[in-house]
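# Observations on the three-dimensional arrangement
Here's the letter readout for the chains.
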Amino acid sequence: MKKLVFTLVAASLSVPAMAAQTVVLGPPQFAEGGYANRGQCESALAAERNRQRRDPTARGAGYQDLTGSEFNRESRRTTRCEEINGRYVVVFNANGF
């Protein structure tokens, strides 16, 4: 399997979350400090995922050669919204969830 590096990780200031491989994603794509509810978080993640699915040049190394559906599948495997300290944040895990 291709080694994957998500643009969101490269473009975001990452802070270790629950595990060494899991990072919280923030600006510029996602709100500093997260979101008040899961719906806001999921909406922001879906918008960024769709933007990158449509524009392969916006993706990180290892993702640019994937088709839109392959990218979407891989993104769903490696990113999700989680509640941490009462706020919903987008988290990334290169090994998947």
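Residues numbered from 1 in each chain as written. Predicted model: local features only at pLDDT ≥ 70, side-chain atom pairs only at ≥ 80, totals over all residues. Heavy atoms only, no water.

## Section: the overall build of the chain
For the chain, the count of helices and strands is 3 helices and 4 strands. Starting at the N terminus and ending at the C terminus, the chain contains elements arranged as α-β-β-α-α-β-β. Across the 97 residues that make up the chain, the buried fraction comes to 41%. Long-range pairs, those at least 24 residues apart, make up 51% of the contacts in the chain between residues at least 6 apart in sequence. (Helix = DSSP H or I, 4+ residues; strand = E, 2+ residues; numbered from the N terminus. Buried < 20%, exposed > 50% of the residue type's maximum accessible area, 1.4 Å probe, protein only. Contact = heavy atoms within 4.5 Å.)

## Observations concerning the packing of helix H2 (residues 38-54) against helix H3 (residues 68-78)
To characterise two packed helices, one gives the angle between the axes of the helices and the distance between these axes. Axis separation between H2 and H3 bottoms out at 9 Å; the angle between their running directions is 150 degrees. Where H2 crosses over H3, the handedness of that crossing is right-handed. Where H2 approaches H3, its residues Arg 49, Gln 52 and Arg 53 are matched on the opposing element by Gly 68, Phe 71, Asn 72, Ser 75 and Arg 76. Grouping the amino acids of the contact of H2 with H3 by side-chain chemistry returns 1 nonpolar, 4 polar and 3 charged. (Axes fitted to C-alpha atoms, helices over the stretch in contact; angles between N-to-C directions. Left-handed = near helix turned anticlockwise from the far one by under 90°. Nonpolar A, V, L, I, M, F, W, Y, C, P; charged D, E, K, R; others polar.)

## Concerning the pairing of strand E3 (residues 79-84)
Pairing geometry for E3 and strand E4 (residues 87-93), over 6 bridges, is antiparallel. Of the residues in E4, the one forming a bridge with Thr 79 is Phe 92. In sequence, E3 turns back onto E4 through a hairpin of 2 residues, with Asn 85 there showing a positive phi of about 55 degrees. (Pairing = 2+ DSSP bridges.)

## Regarding the environment of Ser 75
Its location among the elements puts Ser 75 in helix H3. Given the relative accessible area of 0%, Ser 75 is considered buried.

## Here's the deal with the nonpolar core
Core analysis: the largest hydrophobic core is formed by 14 residues, its most contacted members being Leu 25, Phe 30, Cys 41 and Val 90. Those elements that place two or more of their residues in this core are strand E2 (22-25), H2 and E4. (Core = buried A, V, L, I, M, F, W, Y, C linked by side-chain atoms within 4.5 Å.)

## Quick word on the confidence of the model for the chain
Residue-level pLDDT values for the chain average 82, and 79% of them are 70 or greater. Contacts of residues 1-19 to residues separated by more than four positions or lying in other chains number 59 contacts, the stretch itself having pLDDT below 50. (pLDDT = per-residue confidence, 0-100.)

## Considering the pairing of E2
Alternating positions in E2 separate into two faces, Thr 22 and Val 24 on one and Val 23 and Leu 25 on the other, with burial throughout. As judged from the 4 bridges shared by E2 and E4, these two strands associate in the antiparallel manner. Bridged to Leu 25 within E4 is Val 90.

## Considering the pattern of salt bridges
It is possible for side chains of opposite charge to pair when their charged atoms get near one another. All told, the structure shown has 4 salt bridges when counted by the stated rule. Across the salt bridge formed by Arg 38 and Glu 42, the nearest N and O atoms sit 3.8 Å from each other. Here Arg 38 and its partner Glu 42 are both found in helix H2, 4 residues apart, which amounts to about one turn of the helix. Arg 38 gets classed as partly exposed once you look at its relative accessible area, which sits at 38%. Residue Glu 42 is classed as partly exposed on the basis of its relative accessible area of 34%. Of the charged contacts, one joins Glu 74 and Arg 77 as a salt bridge, the two residues approaching to 2.4 Å between their closest N and O atoms. Of this pair, Glu 74 and Arg 77 are both found in helix H3, 3 residues apart, which corresponds to roughly one turn of the helix. (Salt bridge = Lys/Arg side-chain N within 4 Å of Asp/Glu carboxyl O.)

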